[in-house]
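Below, each chain spelled out in residue letters.
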There are 2 protein chains.
Amino acid sequence: MSEPIDFYFDFSSPYGYLMSEKIDAVAAQHGRKVRWHPVLLGIIFQATGSRPPVDGVSSKSKYMWHDFHRSARHLGIPYNPPSRFPLPTQNAARAYYWLHGQDCALARQFAHAAYRALFVEDQDISSPAVVLQIAEKIGVDRSRLEAALQAPEIKARLKEECDQALAIGVFGSPHVVIDGEAFFGADRLAQIEHWLQSGGF
Amino acid sequence: MSEPIDFYFDFSSPYGYLMSEKIDAVAAQHGRKVRWHPVLLGIIFQATGSRPPVDGVSSKSKYMWHDFHRSARHLGIPYNPPSRFPLPTQNAARAYYWLHGQDCALARQFAHAAYRALFVEDQDISSPAVVLQIAEKIGVDRSRLEAALQAPEIKARLKEECDQALAIGVFGSPHVVIDGEAFFGADRLAQIEHWLQSGGF
């Protein structure tokens with residue numbers, strides 16, 4: 001079994017969502033597991049001076065909204081444009097890391113549910129109440145998670161993950177690392193498959 | 001025969017170069033011609049507030065240089081990183097438009113030669129002397145082209161093309177338009193093929 005693939009993303013990233021719907025299956029075809037790392041793009045952008053794909057540039061922003069939707073159709077993934085965007089995702093990320101400490105598979109299930117809540121069901125996943133509701137639906141104890149969202153060790157874990165992402169050169173979402181090789185963007189899926197098939201090219 | 005595809009690019013754009021090596025063949029497979037439109041990214045970026053992919057953000061710049069090369073290998077296109085980058089491309093663009101007025105096929109041949117001079121042979125295509133030499137090698141009259149590089153009507157033509165590109169929402173290179181549908185980036189080639197095959201998706 002080869003080394004796991006690392007997948008860095010922000011829960012508010014549309015292209016991160018598209019990657020989240022594909023990366024596990026692509027990795028599994030080549031005998032690989034994926035480690036998911038939700039991070040906060042606000043911190044990444046501030047530290048790197050990078051910018052979100054949708055910003056003040058009107059022709060580019062207009063294109064990107066169109067491209068999110070078209071890219072989802074191209075990949076066969078359901079997508080509805082969220083009415084709140086961008087939005088803070090520390091609650092979803094903290095919930096992920098706390099769950100991951102309890103049950104890896106449940107954490108993965110929560111991550112899919114949170115992404116789909118935002119990009120299919122147009123829910124406001126910045127809200128702790130919405131995050132708790134999403135988690136409750138998949139069997140998580142609501143009151144334990146509610147406490148965990150404010151726990152210093154969970155906040156510290158998220159900060160560590162952001163620091164680690166910056167240290168390895170993450171500047172946006174999604175960012176996938178395979179044996180030290182970095183792939184930025186959902187549109188690098190074809191190169192990721194090519195890389196896994198050929199062991200590098 | 002369906003409407004031609006429009007391909008906007010700057011001669012200093014690495015992803016524009018990758019698209020230039022693929023777009024005609026992809027279009028031809030679906031009975032389409034391509035109209036090439038060299039433009040100046042300096043003007044596009046100034047007007048839109050957009051930024052080049054390689055800028056002051058070190059982790060992103062480092063990634064992009066790596067990605068140019070890997071994307072070329074992925075697509076099977078020769079590539080050597082240019083030692084001068086970015087560089088002004090008005091001379092190459094003016095030469096293209098003057099040649100296009102004489103002989104469309106020769107203009108296309110020149111465009112390929114200019115792109116390969118920069119991204120394979122590491123030549124300084126910002127230099128009028130280098131542009132003239134590239135053109136001379138494919139049979140262009142050097143002294144007529146030399147005069148054309150300073151001709152007001154050729155300068156005006158390039159300005160019109162940049163204005164037209166801005167008017168239809170071009171914010172970077174390469175930018176491909178198929179029946180009103182815009183595709184930005186060499187990594188949209190798979191979507192372009194999907195679009196041409198299915199008549200939209």
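Computed from a predicted model, the values in this text were never measured in an experiment.

## A closer look at the overall build of chain A
Part 1: Each helix and strand in chain A was counted, giving ten helices and four strands.
Part 2: The secondary structure elements of chain A, listed N-terminal to C-terminal, are β-α-α-β-α-α-α-α-α-α-α-β-β-α.
Part 3: Over its C-alpha atoms chain A spans a radius of gyration of 16 Å, differing by no more than 12% from the 17 Å that the globule rule assigns to 201 residues.
Part 4: Projected onto its principal axes, the C-alpha coordinates of chain A cover approximately 50 × 45 × 35 Å.

## Quick notes on the confidence of the model for chain A
Part 1: When pLDDT is averaged across chain A, the result is 96; 98% of the residues are at 70 or more.
Part 2: ipTM for the predicted complex: 0.94, alongside a pTM of 0.95.

## Comments concerning the packing of aromatic side chains
Here a ring pair, both rings aromatic, is described through the centre-centre distance and the interplanar angle of the planes.
Part 1: One pass over the full model with this rule turns up 42 aromatic pairs over all chains.
Part 2: Centre to centre, the rings of Tyr 115 of chain A and Phe 119 of chain A are 6.0 Å apart; their planes meet at 40 degrees, and the pair counts as tilted. Highlighted residues: Tyr 115 of chain A and Phe 119 of chain A, both in helix α6 (residues 104-119), separated by four residues, approximately one helical turn. One exposure class covers both Tyr 115 of chain A and Phe 119 of chain A, and it is buried.
Part 3: When the centroid spacing of 5.5 Å and the interplanar angle of 80 degrees are considered together, the rings of Phe 9 of chain B and Trp 36 of chain B count as edge-to-face.

## Looking at the sheet that holds strand β2 (residues 34-38) of chain A
Residue and element names in this part refer to chain A.
Part 1: Sheet architecture is open: four strands sit in the order β2-β1-β3-β4, paired in mixed fashion. The open sheet has two edge strands with one neighbour each: β2 and β4 (181-184). The sheet shows a mean angle of 20 degrees between the axes of neighbouring strands, direction not considered.
Part 2: Bridging between strand β3 (residues 175-178) and β4 involves four bridges; their strand directions are antiparallel. Within β4, the position partnered with Ile 178 by the bridge is Glu 181.

## Description of the side chain of Glu 161 of chain B
Part 1: In this fold, Glu 161 of chain B is placed in helix α9 (residues 152-167).
Part 2: Setting aside anything within four residues of it in sequence, one finds Glu 161 of chain B in contact with His 37, Pro 38, Val 39 and Tyr 97 of chain B.

## Details of the pairing of strand β3 (residues 175-178) of chain B
Residue and element names in this part refer to chain B.
Part 1: In β3, alternate side chains face the same way, and those of His 175 and Val 177 on one face and Val 176 and Ile 178 on the other are all buried.
Part 2: Note that strand β1 (residues 5-9) and β3 share three bridges and pair antiparallel. For Tyr 8, the partnering residue across the bridge sits in β3 and is His 175.
Part 3: The loop that links β3 with its antiparallel partner strand β4 (residues 181-184) comprises two residues; one of these, Asp 179, has a positive phi angle of about 50 degrees.

## Description of the sheet that holds β4 of chain B
Residue and element names in this part refer to chain B.
Part 1: In spatial order, the strands read β2-β1-β3-β4; together these four strands make up an open sheet with mixed pairing. Every other strand in the sheet has two partners, leaving β2 (34-38) and β4 as the edge strands with one partner each. Adjacent strand axes in the sheet meet at a mean angle of 20 degrees, parallel and antiparallel pairs treated alike.

## Here we look at the interface of chain B and chain A
Part 1: If you look at the interface, chain B gives 29 residues, while chain A gives 29 residues.
Part 2: Summing both sides of the interface, chain B and chain A together bury roughly 2,600 Å²; the carbon and sulfur share of this comes to 50%.
Part 3: Among the residues of chain B in contact with chain A, Tyr 63, Arg 70 and His 74 of chain B are the three that bury the most area, contributing 22% of the side total.
Part 4: Viewed at the interface, chain A and chain B are joined by six salt bridges.
Part 5: Among the salt bridges present, the one from Asp 67 of chain B reaches Arg 188 of chain A, with a minimum N-O distance of 2.6 Å.
Part 6: The interface formed by chain B and chain A holds 20 residue pairs in polar contact (both at pLDDT 80 or more) in total.
Part 7: Every element with two or more residues in the side of chain B that touches chain A is listed here: α4 (58-75), β4 and α10 (189-198) of chain B.
Part 8: For the side of chain B that touches chain A, the leading source of residues is α4 of chain B, giving nine residues.
Part 9: Counted by class, the side of chain B that touches chain A contains eleven nonpolar, ten polar and eight charged residues.

## Side note on the relation of the copies chain B and chain A
Part 1: Note on the identical chains: chain B maps onto chain A by a rotation of 180 degrees and an axial translation of 0.0 Å, with an RMSD of 0.0 Å. What the superposition gives is, in effect, a two-fold axis relating one chain to the other. When C-alpha distances to the rotation axis are compared across chain B, the minimum falls at Asp 187 of chain B, with a value of 3.1 Å.
Part 2: Comparing interface residues between copies, 100% of those in chain B also lie at the interface in chain A; the contact surface is shared.

The rules we used
Residue positions are given per chain, counting from 1 as you read along its sequence in written order. To label them, take the chains in the order written and letter them from A, then take the ligands in the order written and number them from 1. Whole-chain, interface and lining totals are the exception, using all residues; otherwise, since this is a predicted model, local features are given only for residues with pLDDT of at least 70 and side-chain atom pairs are given and counted only at 80 or more. Side-chain descriptors were evaluated using all non-hydrogen atoms of the structure, hydrogens and water having been removed beforehand. Runs of E in the DSSP output that reach at least two residues are strands. Runs of H or I that reach at least four are helices, and both are numbered from the N terminus. A radius of gyration in this sense is built from C-alpha atoms; the matching globule rule multiplies 2.2 Å by the number of residues raised to 0.38. The predictor's confidence in any single residue is recorded as pLDDT, a number from 0 to 100. Aromatic contacts are taken between Phe, Tyr and Trp rings whose centres are within 6.5 Å, Trp giving its six-membered ring; a plane angle under 30 degrees counts as stacked, one over 60 as edge-to-face, and the others as tilted. Partly exposed residues are those whose accessible area sits between 20% and 50% of the maximum for their type, while under 20% is buried and over 50% is exposed, using a 1.4 Å probe and protein chains only. At least two DSSP bridges between two strands are needed for those strands to be called paired. Orientation is described by axes fitted as lines to C-alpha atoms, over the contacting stretch for helices, and by angles from 0 to 180 degrees between their N-to-C directions. When checking whether two residues touch, look at their non-hydrogen atoms; a contact exists if any pair is within 4.5 Å. What gets called buried area is simply the loss in accessible area from a 1.4 Å probe that two parts show on being joined, summed for both. Any Lys or Arg side-chain nitrogen located within 4 Å of an Asp or Glu carboxyl oxygen qualifies as a salt bridge. Here a polar contact is taken to be a pair of N or O atoms separated by no more than 3.5 Å, where protein atoms must pair a possible hydrogen donor with a possible acceptor and residues adjacent in sequence count only if both atoms sit in side chains. Residues are grouped as follows: Ala, Val, Leu, Ile, Met, Phe, Trp, Tyr, Cys and Pro are nonpolar; Asp, Glu, Lys and Arg are charged; every other residue, Gly included, is polar. Copies overlap after least-squares fitting; the atoms used are the C-alpha atoms of residues with pLDDT of at least 70 in both.

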